[in-house]
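# Reading the structure
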Amino acid sequence: MNQQKLRADAHKQIEEIFKTLLPARGLSYREAQAQLSHTMLDALLDGKIALCDAGTGIGKTFSYLVAGAVFDQARCRDGCTHQPLIISTSSIALQRAVKYEYLPLLSSVLLDAGYQKKPLLAVIRKGRSHYVCDQRLEKRLRQLSGAKKNAMSQEALEHLQEQLDLDEAEHLSDHDRSRVCVPKVCGCRREYCRYRAYLQNCDSPQYLFQICNHNLLFADAMHRSQSLRPIFPEYCGLIVDESHRLPEVARQMLGISLEKADIDAVIYGLKMERYQLAAASAGHANINTYDAKLRREQDASARAALREQANEAMADTIRGLAADTLDKVLYELSCQMKNCYSRSDA
């Protein structure tokens, strides 16, 4: 299909949605909102990156949902195979709002206008610790069989036999949650696993949008960079909402946090290594000195005396280095104790 006409039709459709269809449902027309959607559509069509600064009240959620839906229709008219779009945001509340509020309204508008033949659907993706492992749940229920357990907690566990998402479970304790969630390494050999079935369903072409948080987005990128199985199916576009939080998430996912105790352990290790190197160096010097004396000495008794002297010299060297290292360690410990006392006294 002619790409220029395809693009023009897509932009014309966005104008109609924001100027006519959404106002007919009680939403006011906002030029900045429509322009933001046009910008996002161009980026999706061109396979480029668009950095958009959307102020409060512009309505960016509808902007990217409309752009994504129109982009998917343009791809279908161009004969492309179905691929979902990823929406990544740091807000759980917004993830739920997109799926249960914004998208159903937009889907209804597009269905009534004849732009869609099927409803627009989305699935919220989470890490495995948010879901129930059937095998671990059965084990936990067996452990509690006949035991005294809070009735509400017991009921919450039993309800999980019909509910996969742990976030939707009421009155579930953190302890029970950790005992029944899908583990990092799963050795389950069940013929049917609700969690695996759920993952297969997530890859279904019925979902246009895959909604996740930034952490899961980074996890998927890490899987792909390490040639591991991707978390998401192959997607045609990525929309990152609240992208100003990405650096913070990157530090969480890719960074390393060091506390004072960690740094102290590194310093101690370096000092021990320096002590060992110093001891080895001094030891080699002693060995070389006494080896030279032994080569010059022919008398057997004198050679035996030299060996005793070499052993004593080696012992004296190690005692001296050990005492020096111990003095330094004790001095540092005393300084730390003084610092702690000063801080507690402040």
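Right above here is the structure, for reference.
Residues numbered from 1 in each chain as written. Predicted model: local features only at pLDDT ≥ 70, side-chain atom pairs only at ≥ 80, totals over all residues. Heavy atoms only, no water.

### Some details on the packing of helix 2 (residues 31–46) against helix 3 (residues 60–77)
The N-to-C vectors of helix 2 and helix 3 enclose an angle of 40°; their axes lie 8 Å apart at closest approach. Here helix 2 lies oblique to helix 3, going by the angle between them. Crossing angle aside, the handedness with which helix 2 passes helix 3 is right-handed. Touching Gln33, Leu36, Ser37, Met40, Leu41, Leu44 and Leu45 of helix 2 are Lys60, Phe62, Ser63, Tyr64, Val66, Ala67, Gly68, Val70, Phe71 and Ala74, all from helix 3. Classifying every residue of the contact of helix 2 with helix 3 by side-chain character gives 12 nonpolar, 4 polar and 1 charged. (Axes fitted to C-alpha atoms, helices over the stretch in contact; angles between N-to-C directions. Helix = DSSP H or I, 4+ residues; strand = E, 2+ residues; numbered from the N terminus. Parallel < 35°, antiparallel > 145°, perpendicular 65-115°, else oblique. Left-handed = near helix turned anticlockwise from the far one by under 90°. Contact = heavy atoms within 4.5 Å. Nonpolar A, V, L, I, M, F, W, Y, C, P; charged D, E, K, R; others polar.)

### Some remarks on helix 5 (residues 134–144)
Among the residues making up helix 5, those that are buried are Asp134, Leu137, Arg140, Leu141 and Leu144. Along the long axis of helix 5, the arc covered by the buried residues comes to 125°, so they all point the same way. (Buried < 20%, exposed > 50% of the residue type's maximum accessible area, 1.4 Å probe, protein only. Arc of directions from axis to C-beta.)

### Description of the side chain of Asp134
With respect to the helices and strands, Asp134 occurs in helix 5. Among the residues examined, Asp134 registers a relative accessible area of 9% and is labelled buried. A polar contact is formed between the side chain of Asp134 and the side chain of Arg194, at a distance of 2.7 Å. Those residues in contact with Asp134 that lie beyond four places of it in its chain are Arg190, Cys193 and Arg194. (Polar contact = N/O pair within 3.5 Å; in protein donor to acceptor, adjacent residues only side chain to side chain.)

### Some thoughts on the sheet that holds strand 4 (residues 237–240)
If you trace the 4 strands from one edge of the open sheet to the other, you get 2-3-1-4, paired in parallel fashion. Of all the strands in the sheet, the pair left with one neighbour each is strand 2 (122–124) and strand 4. If you compare each strand with its neighbour and ignore which way they point, the axes differ by 20° on average. As defined by bridge partners, strand 1 (residues 85–88) adjoins strand 4 across 4 bridges and the pair is classed as parallel. Within strand 4, the position partnered with Ile86 by the bridge is Leu238. (Pairing = 2+ DSSP bridges.)

### Focus: unusual backbone geometry
Positive phi, close to 65°, is recorded for His171, a residue that is not glycine. Tracing the backbone through its elements, the reader meets His171 in the loop between helix 6 (151–159) and helix 7 (174–180). One non-glycine residue, Glu242, adopts positive backbone phi at about 55°. Within the secondary structure, Glu242 sits in the loop between strand 4 and helix 10 (246–254).

### What to know about the nonpolar core
Formed by 36 residues in total, the largest nonpolar core has its most connected members in Ile17, Tyr64, Leu65, Leu85, Leu106 and Phe209. Contributions of two or more residues to this core are made by helix 1 (3–21), helix 2, helix 3, strand 1, helix 4 (92–113), strand 2 and strand 3 (209–212). Top element by residues in this core is helix 3. It accounts for 8 residues. Leu137, Leu144, Leu172 and Val182 belong to the second-largest nonpolar core, a separate cluster that totals 22 residues. (Core = buried A, V, L, I, M, F, W, Y, C linked by side-chain atoms within 4.5 Å.)

### A word on the pairing of strand 1
Along strand 1, one buried face is formed by Leu85 and Ile87 and the opposite face, lined by Ile86 and Ser88, is buried too. Where strand 1 and strand 3 come together, 4 bridges link them in parallel fashion. Bridging from a neighbouring strand, Leu85 pairs with Phe209 of strand 3.

### Looking at the pattern of salt bridges
Two side chains of opposite charge can pair, provided their charged atoms sit close to one another. This model, assessed by the stated rule, comprises 15 salt bridges. When the shortest N-O distance is used, the salt bridge between Lys5 and Asp9 registers 2.9 Å. Taken together, the residues Lys5 and Asp9, both in helix 1 and 4 residues apart, mark about one turn of the helix. Classification of Lys5 as partly exposed rests on a relative accessible area of 46%. Residue Arg25 pairs with Asp112 through a salt bridge whose shortest N-O separation is 2.5 Å. Of this pair, Arg25 sits in the loop between helix 1 and helix 2 while Asp112 sits in helix 4, and the two are 87 residues apart along the sequence. Several salt bridges share partner residues, and in doing so they unite Lys126, Asp165, Asp167 and Arg177 into one network. (Salt bridge = Lys/Arg side-chain N within 4 Å of Asp/Glu carboxyl O.)

### Some details on the packing of aromatic side chains
One pair of aromatic rings is described through two measures. These are the centre distance and the angle between the planes. Under the defined criterion, the tally for this structure stands at 3 aromatic pairs. On the basis of an interplanar angle of 75° and a centroid distance of 5.1 Å, the ring pair of Phe62 and Tyr102 is categorised as edge-to-face. One end of the pair, Phe62, is in helix 3; the other, Tyr102, is in helix 4, and 40 residues separate them in sequence. A ring pair is formed by Tyr131 and Tyr198, whose centres lie 4.9 Å apart and whose planes are at 40°; its orientation type is tilted. On the criterion of sequence distance, the pair formed by Tyr131 in the loop between strand 2 and helix 5 and Tyr198 in helix 8 (residues 194–202) is long-range, its members being 67 residues apart. Residues Tyr131 and Tyr198 agree in their burial class; the two are buried. Taken together through their ring pairs, the aromatic side chains of Tyr131, Tyr195 and Tyr198 make up a single cluster. It is Lys293 that lies over the ring of Tyr290; its NZ or CZ is 4.8 Å from the centre. (Phe/Tyr/Trp six-rings, centres within 6.5 Å; stacked < 30°, edge-to-face > 60°. Lys NZ or Arg CZ within 6 Å of the ring centre and 35° of its normal.)

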